[in-house]
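Close look at the chain arrangement
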Amino acid sequence: MSIIGIGLNLLLACLLGAALAMGWRLNKRLQALRDSHDGFATAVRELNAAAERAEQGLADLRAATDEATDALGDRIHKGRELVQKLERLIDQAPKAGARRLPEPEPDDERAQERRLGALLAAAREARQRPERMPDRQAIARPKPLFEDDLFDDEPLALTAVRGARR
């Protein structure tokens with residue numbers, strides 16, 4: 001009986017050792033699973049934070065775009081007002097005794113090009129007159145910034161006749 005008892009004790013010791021080894025391996029795998037779960041949870045938190053930052057950036061970009069669109073719309077409106085004012089000045093120029101610009105022709109592309117060409121020629125002619133050229137050093141204007149309003153200049157005055165001044 002003692003040999004059978006010793007054999008059974010050895011068999012039980014081997015079984016318990018195998019169970020202990022399997023438990024130890026299972027514990028290692030469970031620990032790796034917990035670590036990967038914690039890593040996954042951390043990655044999800046970081047992705048959520050990145051998504052929140054992206055949403056905030058998109059909201060800021062939309063606000064800036066809306067602001068820029070409004071500013072551009074204002075500038076377009078001011079530009080149209082200046083065009084209307086320029087057209088009124090052109091219409092008044094022949095009444096003031098100035099050289100007559102060609103009458104506006106029907107609204108086609110060539111007529112618009114001719115009209116623009118006549119306006120540019122009158123502007124070049126006015127700029128090339130030495131008595132009308134201001135001293136560049138006397139008019140030291142700072143360089144306009146992007147945010148400066150481009151349409152806050154003094155009103156234009158047309159003087160198409162040489163020697164005629166307003």
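Here is a short report on the structure shown in this document. Note that the coordinates shown come from a computational prediction; the quantities given were computed from them, not determined experimentally. Within each chain, residue numbers correspond to sequence positions counted from 1 in written order. At least 70 in pLDDT is required for a residue's local features to be given in this predicted model, at least 80 for side-chain atom pairs to be given and counted, and no such filter applies to totals for whole chains, interfaces and linings, which use all residues. Values reported for side chains reflect all heavy atoms of the structure, with hydrogen atoms and water molecules removed beforehand.

**Digging into the overall build of the protein**
- Comment: elements are numbered from the N terminus, with helices defined as DSSP H or I runs of at least four residues and strands as E runs of at least two. Regarding its fold elements, the protein presents two helices and zero strands.
- Contact between two residues is taken to exist if any of their heavy atoms lie within 4.5 Å; hydrogens are not considered. Residue pairs at least 24 apart in sequence account for 67% of intrachain contacts in the protein once pairs closer than 6 positions are excluded.
- The Shrake-Rupley method, run with a 1.4 Å probe sphere, supplies the accessible areas, and residue values consider only the shown protein chains as cover. Carbon and sulfur atoms make up 60% of the accessible area of the protein, which totals about 14900 Å².

**Focus on a nonpolar patch on the surface**
- The residues that make up patches have over 30% relative accessible area and no salt bridge, and they are joined within 9 Å when like-charged or within 5 Å when they are Val, Leu, Ile, Met, Phe, Trp or Tyr. Here, a salt bridge means any Lys or Arg side-chain nitrogen found within 4 Å of an Asp or Glu carboxyl oxygen. A contiguous nonpolar surface patch, about 510 Å² in accessible area, is contributed by I4, L8, L11, L12 and L15.
- Residue placement: I4 occurs in helix α1 (residues 2-92).

**Considerations on α1**
- Working rule for helices: expected span equals 1.5 Å times residues minus one. Spanning 91 residues, α1 covers 132 Å between terminal C-alpha atoms, matching the ideal 135 Å at 1.5 Å per step.
- Think of it in three bands: with a 1.4 Å probe and only protein chains considered, a residue is buried below 20% of the maximum accessible area for its type, exposed above 50%, and partly exposed in between. Where α1 is concerned, the buried positions are G79, L89 and I90.

**With respect to a negative patch on the surface**
- Taken together, the side chains of D66, E67, D70 and D74 make up a negatively charged region of the molecular surface.
- Along the chain, the position of E67 falls in helix α1. Here Asp and Glu are counted as negative and Lys and Arg as positive; His is not counted, and neither are the chain ends. Lysine's charge is taken at NZ, arginine's at CZ, aspartate's at CG and glutamate's at CD.

These figures capture arrangement, not role.
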